[in-house]
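The chain contents come next:
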Amino acid sequence: MRIDSHQHFWRYTPQDYRWIGDDMAVLKQDLLPETLRPALQRHDIQGTVLVQACSSVQETRWLLDLAGKTDFVRAVTGWVDLSSPALQQALDAISHPLLRGFRHQVQDEPAPAQWLADPAINAGLRQLQQKGYVYEILVTHRHLTDAVKFAKRHDDYFLVLDHFGKPELSRGAAHWKQQVAPLAGLKHVSCKLSGLLTEPRPAGMSARDLLPYFEAALEIFGAERLMFGSDWPVCLLADVDENPWDLCEQATATLSTDEQAAIYGGNACTIYRLQPLPITGND
């Protein structure tokens with residue numbers, strides 16, 4: 001089963017998705033399963049992990065409801081207020097068979113380092129891990145050092161670094177590799193091969209120039225801790241001739257069949273506890 005480990009849906013409202021700026025017109029619309037389905041079919045993807053895009057329990061409930069009606073969504077990463085003294089009640093209220101993890105847009109916090117160090121946040125994450133929930137870390141290159149400290153405190157269950165940790169592309173893959181190596185050294189941390197196409201690029205940098213980041217990720221994480229993610233529909237912000245499916249196919253073309261299978265589904269199945277697709281057809 002080939003899995004896209006990172007995609008979003010939303011019914012667009014400016015107040016809920018404030019991170020969608022005026023230069024992102026293509027995202028200022030409802031983006032729902034039937035819009036994504038043709039791309040999944042074209043690239044032979046059978047399942048997805050649906051990820052939150054705003055800090056709202058209401059959005060998480062909606063995503064879970066939508067996932068239950070969408071044959072290709074295999075798991076949901078939602079949002080919950082980790083610092084809430086009523087966290088247990090909140091988790092009970094949104095419990096769902098497809099809810100496998102949580103995420104917070106730490107990159108959008110006024111002080112990401114302070115958020116990652118907050119005792120209440122850390123206490124909340126310990127609760128999540130004790131219940132077997134994955135936690136996805138969304139930071140930029142500016143706070144990878146803080147993310148390492150955070151990850152070291154929470155090794156009871158899987159942590160996942162989103163979007164390569166949003167590298168500073170002007171510094172090059174070698175610099176990113178040095179920055180992220182301490183995270184890669186923590187065996188409970190995996191990394192999503194996602195999001196690079198929409199990070200700010202120096203003038204003249206092509207999609208092909210991003211391939212060294214994949215090579216560096218393979219060197220430090222290994223194929224056993226990497227997952228392909230399209231970051232659809234955010235990936236629609238890339239140039240019209242660029243897409244994450246083709247980019248990752250190029251980056252993994254020389255890997256063994258087993259390594260490709262791990263990146264394109266095996267690792268996601270393990271981390272998110274994905275169930276096999278139902279067998280259809282005549283008995």
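To be clear, the structure that these remarks concern was listed above.
Rules used throughout
- Residues numbered from 1 in each chain as written.
- Predicted model: local features only at pLDDT ≥ 70, side-chain atom pairs only at ≥ 80, totals over all residues.
- Heavy atoms only, no water.
- Core = buried A, V, L, I, M, F, W, Y, C linked by side-chain atoms within 4.5 Å.
- Buried < 20%, exposed > 50% of the residue type's maximum accessible area, 1.4 Å probe, protein only.
- Helix = DSSP H or I, 4+ residues; strand = E, 2+ residues; numbered from the N terminus.
- Contact = heavy atoms within 4.5 Å.
- Phe/Tyr/Trp six-rings, centres within 6.5 Å; stacked < 30°, edge-to-face > 60°.
- Axes fitted to C-alpha atoms, helices over the stretch in contact; angles between N-to-C directions.
- Parallel < 35°, antiparallel > 145°, perpendicular 65-115°, else oblique.
- Left-handed = near helix turned anticlockwise from the far one by under 90°.
- Nonpolar A, V, L, I, M, F, W, Y, C, P; charged D, E, K, R; others polar.
- Right-handed = clockwise from strand over helix to strand, strands pointing away.
- Pairing = 2+ DSSP bridges.

Caption draft 1: Molecular detail of the nonpolar core. Core analysis: the largest hydrophobic core is formed by 85 residues, its most contacted members being Trp10, Val76, Phe102, Tyr135 and Leu183. If one sorts the elements of this core by residue count, helix α8 (residues 211–221) sits on top with 7 residues. Among residues more than four places away in sequence, those in contact with Leu183 are Leu144, Ala147, Val148, Ala151, Leu161 and Val189. With 12 residues, the next largest nonpolar core counts Val49, Val51, Val160 and Ile271 among its residues.

Caption draft 2: Highlighting the packing of aromatic side chains. Scanning the model with the defined rule gives 11 aromatic pairs in all. Taking the centre distance of 6.1 Å and the plane angle of 70 degrees together, the rings of Phe9 and Trp232 count as edge-to-face. Residue Phe9 is found in the loop between β1 (3–7) and α1 (33–42), and its partner Trp232 is found in the loop between β8 (226–228) and α9 (244–252); the two are separated by 223 residues along the sequence. Note on Phe9: relative accessible area 0%, which makes it buried. For the pair Trp10 and Tyr17, a centre-to-centre distance of 5.5 Å together with 35 degrees between the ring planes defines the contact as tilted. For the pair Trp10 and Tyr17, a shared accessibility class is recorded, and that class is buried.

Caption draft 3: Highlighting the packing of α9 against helix α10 (residues 257–271). Following both chains from N to C, one finds α9 and α10 inclined at 155 degrees, their axes separated by 11 Å at the closest point. One element, α9, and the other, α10, form an angle in the roughly antiparallel class. In this structure, α9 crosses over α10, and the sense of that crossing is right-handed. Seen from α9, the contacting residues are Trp245, Cys248, Glu249 and Thr252; seen from α10, they are Gln260, Ile263 and Tyr264. When the residues that make up the contact of α9 with α10 are grouped by side-chain class, the tally is 4 nonpolar, 2 polar and 1 charged.

Caption draft 4: How the structure looks around the pairing of strand β4 (residues 99–104). Of all 6 residues that make up β4, 6 are buried, and the element is covered over most of its length. Regarding topology, helix α3 (residues 87–94) serves as the crossover connection from strand β3 (residues 73–78) to the parallel β4, and that connection is right-handed. Sheet analysis places β4 next to strand β5 (residues 134–137), joined by 4 bridges and oriented parallel. Bridged to His104 within β5 is Ile137.

Caption draft 5: Quick look at the sheet that holds β3. Ordered in space as β1-β2-β3-β4-β5-β6-β7-β8, the 8 strands form an open sheet in which the pairing is parallel. Because the sheet does not close on itself, it has two edges, and the strands there are β1 and β8. Within this sheet the neighbouring strands show an average axis-to-axis angle of 25 degrees, counted without direction. Each of β2 (47–51), β3 and β4 touches helix α2 (residues 57–68); the most contacted strand, β3, lies at about 175 degrees to it. Across the sheet, α8 is in contact with β7 (189–193) and β8; its angle to β7 comes to roughly 165 degrees.

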